[in-house]
Amino acid sequence: MLDKLRIPERHYLHEGHSLRSWLLTKDHKRIAIMYLMSISVMFFIGGLFAVGIRFELATPQGDFVTADTYNKFFTMHGIIMVFFFLIPSIPAVLGNFLIPPMIGARDLAFPRINLLSLYIYWIGGIFTIYAMITGGVDTGWTFYTPYSAAGSNSHVIPVALGIFIAGFSSILTGLNFIVTIHRMRAPGMTWFRLPLFVWAHYATSLVQVLGTPVIAITIVMLFVERAFGFGIFDPARGGDPVLFQHLFWFYSHPAVYIMILPALGVTSELVSTFSKKTIFGYSFVAFSSLAIAIFGFIVWAHHMFVAGISTYSAMVFSFLSFSVAIPSAVKVFNWTATLYKGAVSFETPMLYAYGFIGLFAIGGLTGLFLATLGLDIHVHDTYFVVAHFHYIMVGGAIMGYLGGLHFWWPKITGRMYNNFFSKVSAIMVFVGFNITFFPQFVVGYLGMPRRYHSYPDEMQVLNVMSSAGATVLGLGYVLPVIYFLLSLRRGRVAGPNPWGASGLEWQTQSPPLTENFVEIPIVTGEPYEYDHVPAKESHLV
Amino acid sequence: MTIFGIPIFPDQASTFAKDVDTLYFFILTVCSFFALTVAILVVYFGLRYRRKREGQTGARIEGSLPLELMWSVIPTVIAMVMFGWGASVFYHLRRPPDDAMHIYAVGKQWMWKFQHLEGQREINELHIPAGRPIKVTVSSEDVLHSLYFPSFRTKIDAIPGRYTELWFEASKPGTYHIFCAEYCGTNHAGMIGSVTVLEPQAYQAWLQGGGEGGTMAERGARLFEQHACNSCHLDSGQGRGPSLKNIVGTTVELTDGNTAVVDDAYLRESILTSQAKIVKGFQPLMPTFQGLISEENLLALIEHVKSMSPQASTASGQPAGATPSPNAPKPPARPGEKKQ
Amino acid sequence: MSNVVAHAGQHADSPSRAHHRALQHHFDTMPQQKEAAVIGMWVFLLTEILFFGGLFVAYMIYRIWYFDAFAEASRSLSLFWGGLNTAVLIGSSLTMAMAVRGAQTNKRKATVNWLILTMILGCVFLGVKVIEYSDKFEHHHVPGPNFVWASEHAAPVAEGGAEHTPAPEAAAGHRKLSLTPSQLQRTTQIYFSLYFTMTGLHALHMIIGIGLMSVITWMAWKGRFDEEYYTPVELSGLYWHFVDIVWIFLFPLLYLVERHT
């Protein structure tokens, strides 16, 4: 059985080599690959802006770029990272690739809509990059009125349109996943046999579908305000600028759950696989994803505690915001319990999972500080908030994404990457991340506001620490590009199941066939069973 | 507080800064406990239950309802404690004492303009006495800003078309930062200043230096003449407009049958959109001054009118009874105020 | 999944007849494919509800704050054209339902005719909207720098003591106003901002709908549908009914504010 592993003759990457076969594909796996390439480009553009920001902030004076340019840096960094990297990332790459095989289907329910969603993403991205190149936008990714409607001289409208368009990409992906998970499961694949990755994406898709249209209409209103001089948010005509904030955050708060829920799903898969043990409390973890999605919709005004909302509103939203923390805590405890009496190994994906658990815990816990009204008055709009959300978005979501990429890379490409450098890079990312962002909690409580181009001298040391960490973090992100690309040619052939993982996707060849399965399997077992899976190989179905 | 000369914690320069910091340390302790516990367990389990041989699998443990309940209920209880404590500190931070000294702040791109009742006007600087509660009424002339005093641990957004407020009582003389904490365009990072807390006598001395133009009320009196308000609002009540003597704090009947309490908000509305609420028995003749008077001058005029009602000089903006017009600045939200 | 048993052969329950030509490769059966499509369409309509919902929320808030302005502005709209459009749209939903029925029963000509009728009614709707919009442009009721509003409660001209009182009680209603003429002047712009955004967005959806219909009509003409496969007609029907329902909400909210006087 253990004869030398070979890349199979027929697989999805060999099904046509022309540009046309890629651009007009209906194969969810090829679409996932194209998303992978696109969001990687976006990540590096967003990362360049981050480099610009941290470089400027190494000195207290605004001496690297002008104030306007700096304002554009942080705006574009936020817009690209949120809308063009984080929101698609795991769902569009890993979700697209893996959900059909995980549930035993040949493709998503709507393959052409999947392709359309990719095209729409490209068009939105092109609008946004065009706006960047021709001058950029400086309103902050939050676009608050009246500055965005009347105050700013920058290219608000093209960027707003770019985001509007990209939003439809997100909606269509979510719609596709919902219908797929409802209607395309293989015989025997009941809801409670689904991998937790699928549960997480189902919850994410609900948020995408219900929340994204609201940012879309908010952008429409901003557009008519700015382009036609309508007065929906104009105080001189009786409009309320704070109404914009309500509408904006009604989407943008659930949006952060779009960004983290898939990573929570990935982590469940990694923790289970690398402990060779079923997830402790499966149904609790599954339902906690749904709970996060639902509660995420009722807490938006915690972004507005100092925006002039009434004391009573503030108390209601503070109370509700604590509710969202509980299901997240439940997940962390269940993962910890999964490790107990497991058979734990520390391959690269598990290093990312560990990093995720630690950093997500800190990020989530610091959310409690912000939900606490008496404290939020002081730390709102300071670097404390910046540190909080980077712990979750970067320490959490991006590590989840990288962990997932490292885990499923052999399935996607058929090859393994360099083991040593992948571990080095995981550690660099973890260390670099903490050095970058932990000092920001301190400087935030000290009072340093967000979006500041220059700052008082006494805050320099903490800022220099942060900028230094960013260098390590950046290097940690560059390494995977190199060893992943090298692996395509020189990586060891992985075989169907190099990790000994459970899950239908590991029962197929690597890389998979275009149609995923020779025959659709019938599922009779429970998820996360490891006893019968031999270490390195499994039978092809 | 500094470590090797590097500041890592802000000064506690207000009476409630300590309350905020105590809350902070409580949450920090609880969260550190949980974070460390998880970190230690996760590392410990990972090492203790390390995979030892090829093909080894973990024990078959599906879950435990008691554990799930425990680690759902306990965090919920802790979260409720955090919420309750935070809400109570917040309540305190948002309720100015009745005897608070009043200061006005107007944010505009990219500076903070402060006005003392006695007439002093400051830009990006604020001198205040220690040991007295101070209420700052905040507004904006253009886009959103946010007035932030880190050493006092409080901030509030400045919204165009509205009044918001914060309060504090400075406890420690010294000079502290003022920041704008809501992104407002090019020079957002430059919209900073300093608040100087003086001992009461030193503050009095500073006040004697005087602001040009006299007190706010005196400036308002000059504006009253300039804009010809005195041509209609005769003290005798026989003019085309009602007399403004002793009017503040009273309830007037309007032409549409409703009543209104004469407070800051009513006065502001009457100047800006004079036909909003017309006192019964008078004609809608008053011109509107929307766009003709700056925020600071508006405040000065209001102070002048208030000075004509010496017994009600502490009345502030709480509309009651009359239909609220959202064009008037919303008086700072204060819970539980159905009285007055 | 370790206890997976592969089934030798094919899809779960395929009947012995040949696959329908419209069955896509990743589905097992036509019913499964249709169900998936219909669920997908409903999810999409849910997103549309949330999309319009933001405007309805803004409308609700401002109507509560500036009721007088909303009432006055609403009264300036033409009940005739609005009512006609409502009837036209409801009629077009009927013709659409008939078209779906025709496709369901494999009546090609009937389907095509009903679809064409639906499109005609849709165009009538849009034509009426053009009439209404041009009227607004003429009267400078488009919000922005050129907006002019002559309130029902015109402010008196105070010149040298001229004292004519409009007596607010004598205005269109017997209700006391809570806004002044100058406030009405300004906040009416908010009403019209919402009016144009809401009806404009709705009209855009109508245009897309008519485009969709023309494609479906062409497909029906080419005989692409039968009893087993008429899903595109059904899905377009769902979309069309949705656009109709949005109008059913828009009409009273925009046209019928305080009309009882």
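These numbers come from a predicted model, not from an experiment.

Colleague: Looking at this model, I keep getting lost on the overall build of chain B. Mind explaining?
Modeller: If you tally the helices and strands in chain B, you get six helices and 14 strands. Taking all 340 residues of chain B together, 52% fall into the buried category. Long-range pairs, those at least 24 residues apart, make up 67% of the contacts in chain B with a sequence separation of at least 6.

Colleague: What is the right way to read the overall build of chain C from this model?
Modeller: The number of helices and strands found in chain C is six helices and one strand. What you see in chain C, going N to C, is helices and strands ordered as β-α-α-α-α-α-α. Scored against the burial criterion, the 261 residues of chain C give a buried share of 50%. Contacts spanning at least 24 positions in sequence make up 82% of the contacts within chain C whose residues lie at least 6 apart. Carbon and sulfur atoms make up 67% of the accessible area of chain C, which amounts to about 11800 Å² in all.

Colleague: Would you take a moment to explain the sheet that holds strand 7 (residues 133–140) of chain B for this structure?
Modeller: Within a sheet, neighbouring strands are paired by backbone hydrogen bonds and run either parallel or antiparallel to one another. Residue and element names in this part refer to chain B. Read across the open sheet, the five strands follow the order 5-4-3-7-10; overall the sheet is mixed. Lying at the two open borders of the sheet, with one neighbouring strand each, are strand 5 (121–123) and strand 10 (164–169). Here the average twist between neighbouring strands, direction ignored, is 25°. Relative to strand 7, strand 3 (residues 101–108) runs parallel, the two sharing seven bridges. The residue bridging Met101 from the neighbouring strand is Ile134, located in strand 7.

Colleague: Would you mind going over the interface of chain A and chain B with me for this structure?
Modeller: Interface size, as often reported, equals the accessible area lost upon joining of the parts. In this assembly, 93 residues from chain A lie in contact with 85 residues from chain B. For the pair chain A and chain B, the two sides together bury roughly 7600 Å², of which 70% comes from carbon and sulfur. The interface formed by chain A and chain B contains zero salt bridges. At the boundary of chain A and chain B, one finds 24 residue pairs in polar contact (both at pLDDT 80 or more). Of all the secondary structure elements, the ones that give two or more residues to the side of chain A that touches chain B are helix 3 (67–86), helix 9 (241–273), helix 10 (282–295), helix 11 (311–339), helix 12 (348–371), helix 13 (373–379), helix 15 (419–446) and helix 16 (460–490) of chain A. Ranked by the residues each element gives to the side of chain A that touches chain B, the list is headed by helix 11 of chain A, at 15 residues. Across the side of chain A that touches chain B, the residue classes break down as 52 nonpolar, 26 polar and 15 charged.

Colleague: Help me understand the pairing of strand 8 (residues 145–149) of chain B in this model?
Modeller: Residues and elements named next belong to chain B. Across the five residues of strand 8, five count as buried, placing the element largely inside the fold. On strand 8, burial covers both faces: His145, Leu147 and Phe149 on one face and Ser146 and Tyr148 on the other are all buried. Where strand 8 and strand 9 (residues 154–158) come together, five bridges link them in antiparallel fashion. Paired with Ser146 across the bridge in strand 9 is Asp157. Between the antiparallel neighbours strand 8 and strand 9 lie four residues, among them Arg153 with a positive phi of about 70°. When strand 8 meets strand 11 (residues 174–180), the two strands line up antiparallel, connected through two bridges. When the bridges of strand 11 are listed, Leu147 appears paired with Cys180.

Colleague: Is there a simple way to explain the nonpolar core in this structure?
Modeller: Generally speaking, nonpolar side chains in soluble globular proteins are found buried as a group. Grouped together as the largest cluster of nonpolar side chains are 336 residues, with contacts concentrated most on A:Leu94, A:Trp408, B:Ile128, B:Phe152 and C:Leu194. In terms of residues, this core owes the most to one element, helix 14 (residues 383–413) of chain A, which gives 19 residues. The contacts of B:Ile128, once residues within four sequence positions are left out, are B:Ile103, B:Ile134, B:Phe152, B:Phe168, B:Ala170, B:Val195, B:Thr196, B:Val197, B:Leu198 and B:Tyr203. Ranked by size, the runner-up nonpolar core spans 27 residues in total, among them B:Cys229, B:Ile247, B:Leu301 and B:Val305.

Colleague: Teacher, can you tell me more about the sheet that holds strand 9 of chain B here?
Modeller: Residues and elements named next belong to chain B. As summarised here, the arrangement of the five strands in space is 6-12-11-8-9, forming an open sheet in which the pairing is mixed. With one partner strand each, in any of the chains shown, strand 6 (125–129) and strand 9 form the two edges of the open sheet. With direction set aside, neighbouring strand axes in the sheet form an average angle of 20°. Pairing of strand 6 with strand 12 (residues 193–198) involves five bridges; the strand directions are parallel. In the sheet register, Glu125 faces strand 12, and the bridge partner there is Ser194.

Colleague: Mind showing me how you'd approach helix 1 (residues 17–48) of chain B here?
Modeller: Since one α-helical turn is 3.6 residues long, residues separated by three or four positions face the same way. Here helix 1 of chain B contains 32 residues, and its C-alpha end-to-end distance of 45 Å stays within 8% of the 46 Å for a straight helix at 1.5 Å per residue. Those residues of helix 1 of chain B not exposed but buried are B:Ala17, B:Val20, B:Asp21, B:Leu23, B:Tyr24, B:Ile27, B:Val30, B:Cys31, B:Val38, B:Val42, B:Phe45 and B:Gly46. Those residues of helix 1 of chain B that are buried lie in contact with helix 11, helix 12, helix 13, helix 14 and helix 15 of chain A together with helix 2 (65–93) of chain B.

Colleague: What is the right way to look at the confidence of the model for chain C in this model?
Modeller: A low pLDDT means the predicted coordinates there should not be read in detail. Residues and elements named next belong to chain C. With 84% of its residues at a pLDDT of at least 70, chain C reaches an overall mean of 86. Note on residues 5–17: pLDDT is under 50 here. Beyond four places in sequence and across chains, it has 14 contacts. Overall fold confidence for the complex sits at a pTM of 0.87, while the interface term, ipTM, reaches 0.93.

The rules behind these values
- Residues numbered from 1 in each chain as written.
- Chains lettered and ligands numbered in written order.
- Predicted model: local features only at pLDDT ≥ 70, side-chain atom pairs only at ≥ 80, totals over all residues.
- Heavy atoms only, no water.
- Helix = DSSP H or I, 4+ residues; strand = E, 2+ residues; numbered from the N terminus.
- Buried < 20%, exposed > 50% of the residue type's maximum accessible area, 1.4 Å probe, protein only.
- Contact = heavy atoms within 4.5 Å.
- Areas by Shrake-Rupley, 256 points an atom, 1.4 Å probe, with all protein chains shown as cover.
- Pairing = 2+ DSSP bridges.
- Axes fitted to C-alpha atoms, helices over the stretch in contact; angles between N-to-C directions.
- Buried area = accessible area lost by both parts, 1.4 Å probe.
- Salt bridge = Lys/Arg side-chain N within 4 Å of Asp/Glu carboxyl O.
- Polar contact = N/O pair within 3.5 Å; in protein donor to acceptor, adjacent residues only side chain to side chain.
- Nonpolar A, V, L, I, M, F, W, Y, C, P; charged D, E, K, R; others polar.
- Core = buried A, V, L, I, M, F, W, Y, C linked by side-chain atoms within 4.5 Å.
- Expected span 1.5 Å × (residues − 1).
- pLDDT = per-residue confidence, 0-100.

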